[in-house]
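# What the coordinates show
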Amino acid sequence: YNGNEPFASSMQEQKDWNNILELFYNPSGLPNGASMYGIYLNTFGENTMSFNLNTNSFSNQAVIENVNIHDLRHKMTEYIRVSTKTMNPYGSIYLNPLSAPYDAKQMFFSLKEEDLVNRPRYKGTIMTDIMFALSDFTDNWDYLQSQLIFKDQTLPWAKGEDIYALNDNLVIGCNNDVMLQSGKGLMGIRMDGVQNAKMTNIEITNLFEETPLGSEECGEYTKFDATSYPFGGGHISQKLPMQVGFSGNTVQGIALNAADNVKISDIKIYGLQSHTGDAMGIAVWPSVNLGIDGSISVDHIHAGWLIPDKSDELKWESRPNRAPMACGILNSGEFYSQQTGVTYIANIKADSLSKNQFDITVGNIYGFTNCNNHETKTMIGVFTGNEDEFDSFEAGVAANGPQNNNGNHDNNKDNKDQTGDDDSDFDEDNFDDGMTSASSGISKSTGDHILVGTIIAVTILFCGFITMGYIAYIYCQHKRQQKETEDRATLLLQQAQQQTQQSHQFQQTYQNQRIDLQQAQSQSNQRQLFNPPPFTLDGIQEHENENDIEEEEEPQHTERTPLINQLPAFNRMNL
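Figured I'd write up the structure that's included with this text. (Residues numbered from 1 in each chain as written. Predicted model: local features only at pLDDT ≥ 70, side-chain atom pairs only at ≥ 80, totals over all residues. Heavy atoms only, no water.)

## Some points on the overall build of the chain
Spelled out, the test is: Numbering of helices and strands runs from the N terminus; a helix is a DSSP stretch of H or I covering at least four residues, while a strand is a stretch of E covering at least two. Each residue is placed in one exposure class: buried if its accessible area under a 1.4 Å probe, protein chains only, is under 20% of its type's maximum, exposed if it is over 50%, and partly exposed if it falls in between. Whether two residues are in contact is decided by their heavy atoms, any of which lying within 4.5 Å being enough. A 1.4 Å probe and the Shrake-Rupley method give the accessible areas. Residues count as covered only by the protein chains that appear here.
Helix and strand counts for the chain come out as ten helices and 18 strands. Looking at the chain residue by residue over its 575 residues, the buried ones come to 39%. A separation of at least 24 residues holds for 74% of the contacts in the chain among residues at least 6 apart in sequence. Summing over all exposed atoms, the chain offers an accessible surface of approximately 34,600 Å²; the carbon and sulfur share of this is 51%.

## So, helix H4 (residues 126-137)
The criterion, for reference: Here a helix's expected span is defined as the number of its residues, less one, multiplied by 1.5 Å.
Here H4 spans 17 Å end to end across twelve residues, near enough to the 16 Å set by a 1.5 Å rise per residue. Of all the positions in H4, only Thr-128, Asp-129, Met-131, Phe-132, Ala-133 and Ser-135 are classed as buried. Where H4 is buried, its residues meet helix H2 (104-107), helix H5 (141-144) and helix H6 (151-159).

## Things to note about the nonpolar core
Side chains that are nonpolar tend, in soluble globular proteins, to be buried together. In plain terms, the rule: By convention a nonpolar core is built from buried Ala, Val, Leu, Ile, Met, Phe, Trp, Tyr and Cys residues, the set being connected through side-chain atoms within 4.5 Å.
Met-199, Ile-254, Ile-264, Leu-290, Ile-292 and Ile-296 are the most contacted members of the largest nonpolar core, which has 44 residues in total. Filtering out sequence-adjacent residues up to four positions away, Ile-254 remains in contact with Ile-189, Met-199, Ile-204, Ile-267, Ile-269, Gly-281, Ile-282 and Ala-283.

## Notes on the environment of Gly-253
Of note, Gly-253 is situated in strand E8 (residues 251-257). We classify Gly-253 as buried; its relative accessible area is 0%. When the C-alpha atoms of Gly-253 and Leu-207 are compared, they prove to be 7.9 Å apart, with 46 residues separating the residues in sequence. Discounting residues that sit within four places of it in the chain, Gly-253 has contacts with Met-187, Gly-188, Ile-189, Ile-204, Leu-207, Ile-269, Leu-272, Met-280 and Gly-281.

## Concerning the state of the cysteines
Under the convention used in this document: In this description, a disulfide is simply a cysteine sulfur pair whose atoms lie within 2.5 Å.
One pass over the structure, following the stated rule, counts two disulfides. Linked covalently through their sulfurs, Cys-174 and Cys-218 form a disulfide whose S-S length is 2.0 Å. Disulfide Cys-174-Cys-218: the torsion about the S-S bond is 80 degrees, which places it as right-handed. Taken together, the residues span a long stretch of sequence, with Cys-174 in strand E5 (residues 170-176) and Cys-218 in the loop between strand E7 (194-209) and E8 at a distance of 44 residues. Accessibility expressed as a relative area gives 0% for Cys-174, which makes it buried. For Cys-218, a relative accessible area of 3% gives the class buried.

## Comments concerning the pattern of salt bridges
Our working rule: Each reported salt bridge corresponds to a side-chain nitrogen of Lys or Arg within 4 Å of a carboxyl oxygen of Asp or Glu.
Inspection of the entire model under this criterion finds eight salt bridges. For the salt bridge of Arg-73 with Glu-210, the shortest nitrogen-to-oxygen distance reads 2.6 Å. Here Arg-73 is found in strand E3 (residues 63-74), whereas its partner Glu-210 is found in the loop between E7 and E8, with 137 residues between them in sequence. Overall, Glu-210 belongs to the buried group, its relative accessible area being 15%. For Lys-310, the salt bridge goes to Glu-313, with nearest N and O atoms at 3.5 Å. Taken together, the shared-partner salt bridges in this structure form one network comprising Asp-136, Lys-159 and Glu-161.

## Quick notes on the sheet that holds E8
Formally: DSSP-based pairing: two strands are paired if at least 2 bridges between them are found. Axis geometry follows a simple rule: fit a line to the C-alpha atoms, using only the stretch in contact for helices, then measure angles between N-to-C directions, giving values from 0 to 180 degrees.
Taken in spatial order, the five strands of this open sheet run E1-E6-E8-E10-E13, and their pairing is parallel. Where the open sheet ends on each side, the last strands, each with one partner, are strand E1 (35-42) and strand E13 (326-331). On average, each strand axis in the sheet is inclined to that of its neighbour by 10 degrees, with strand direction left out of account. Of the pairings in the sheet, the one linking strand E10 (residues 279-284) to E13 comprises five bridges and is parallel in character. Across the sheet, Val-284 pairs through a bridge with Asn-331, a residue of E13.

## Considering the side chain of Lys-184
Keep this limit in mind: In this tally Asp and Glu are treated as negative and Lys and Arg as positive; neither His nor the chain ends contributes. Contacts described as polar in this section are N or O atom pairs within 3.5 Å, which, within protein, must combine one atom able to donate a hydrogen with one able to accept it, while residues neighboring in sequence count only if both atoms come from side chains.
Turning to its location among the elements, Lys-184 is positioned in the loop between E5 and strand E6 (185-192). Buried Lys-184, no salt bridge; nearest opposite-charge side chain is Asp-177, N-O distance 6.9 Å. Looking at Lys-184, its side chain comes within polar contact range of the main-chain oxygen of Ser-182, at 2.8 Å. Those residues in contact with Lys-184 that lie beyond four places of it in its chain are Ala-34, Ser-35, Tyr-37, Thr-48, Met-49, Ser-50, Phe-51, Arg-190, Gln-243, Ser-247, Gly-248 and Thr-250.

## Focus: the packing of aromatic side chains
What counts, and what does not: Each Phe, Tyr or Trp ring (for Trp, its six-membered ring) is paired with any other whose centre lies within 6.5 Å, and the angle between the two planes then decides the class: stacked below 30 degrees, edge-to-face above 60, tilted in between.
Tallied over the full model, the rule gives six aromatic pairs. Judged by centre distance (5.6 Å) and plane angle (5 degrees), the rings of Tyr-102 and Phe-132 are stacked. On the criterion of sequence distance, the pair formed by Tyr-102 in the loop between strand E4 (79-84) and H2 and Phe-132 in helix H4 is long-range, its members being 30 residues apart. Take Tyr-102: its relative accessible area is 7%, and that puts it in the buried class.

## Describing the side chain of Ser-215
Topologically, Ser-215 is positioned in the loop between E7 and E8. There is a polar contact of 3.1 Å between the side chain of Ser-215 and the backbone nitrogen of Glu-217. Apart from residues lying up to four places away in sequence, Ser-215 is in contact with Glu-78, Ile-80, Cys-174, Tyr-221 and Pro-320.

Geometric values such as these leave the question of function open.
Below, the structure is given as structure tokens:
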């Protein structure tokens, strides 16, 4: 699609085109699945649904060195799956022949609780119509696959034969893509179920996670709830703590989980940005043993970059969209899973860090909150500060100095020495001078704020004029097109009337000529009766010639064949 829409001659054609765009057109042009990776190292077998909390089946001896991962963009399209009440949530999902879930927004007119429970009504699209029509034509598993399982419920309901077939039987769920994979977001490097691996001289830059906030149609969920009807919450396979609520909008430079004996050194991560979700330079999730053997630099990590207006609305406890978290290096530490009843531990060793053999630095970390909802912006290494003076946590950093975290979470161990109770250095004159300087600074700041406010007001006014001018332009264009359409319609009507009049005149002329011809023939026959011509061969020949001429002069006329009515189109089932 190149932006040039076809001409729609009717409202129905325009509606059909809009439906096609909604179903098949990806406006961003970006990968819109549940996840995207620069490099993904996985355990034995496939792993597309979720993360591993632990595993006994590892991939071994992976070495990644001298790699530059850069300029990745991802924007997940979330689908709301439809399933039915069963004891097994994995086998209860309505799937089409391609093993993709039916989208609740395409199937139902309303996703309100009372409508889903008491009277779900079929909305339908051209895709769902095709799928249900296929079910109506065959019972062959080779064609229908998983769609055959619930055919006895869904097909009579969609055709209107049993409109109550799905009553009090539906469960809808969120946080999955079109192929039923759970939202995981964008990762530069992901290691899941890997042991004895080494990464050195790795550069990861400019990763942009552009997925919008998750849908709230499934309620305030943290994970999947098999006992909740009709809203089942999140994905059936999503796992804490990696996936909390909606998780398709997270960006991570390096993500490690269920990984043993992994060594990293000389890592540079720069420019990670999530429009609406979490952003982490390095994330160490449960069941990981990580050793840091060389320098690490993490800089410019932005979480919730596109939604600053929701800073008061989204809290750490909000669901399904919580306050976006930004963290340089995250260590999940000990995590107890209620799903499995097991405590999983993540260990990070950086022994050489205390000997000043290499540096771990983190800077410019921006988000609604920081590592695990704490003020610390990194759980390992030294935080060097933010360039943006308006950052909400910058004042604390400036007052307390850089954060120095060597894996022990002693973020402010030197604060007591810096803020001691020694009164011997107190100078009253210097204190007064400081107050004066502060007052002048406040006045200057106030003046700057007034100037900024004025600029903003002028900008808004200017934008308002531009908007009004654009609206007026669109209105004039619309009126001009309407006038051209009316003129064209009037011209076509006049041409049609002229053609009708000409056709009528032609038919009238033809009838008059035929009457005159018949009268002439009658008079000629009468003359022949009273004055018969001499009986000669020449006369017979002449009479035959005259009859031939008369037959040639008689115009050929056939009635116009009436137009054939258009065949009726296959209309969507209208319940």
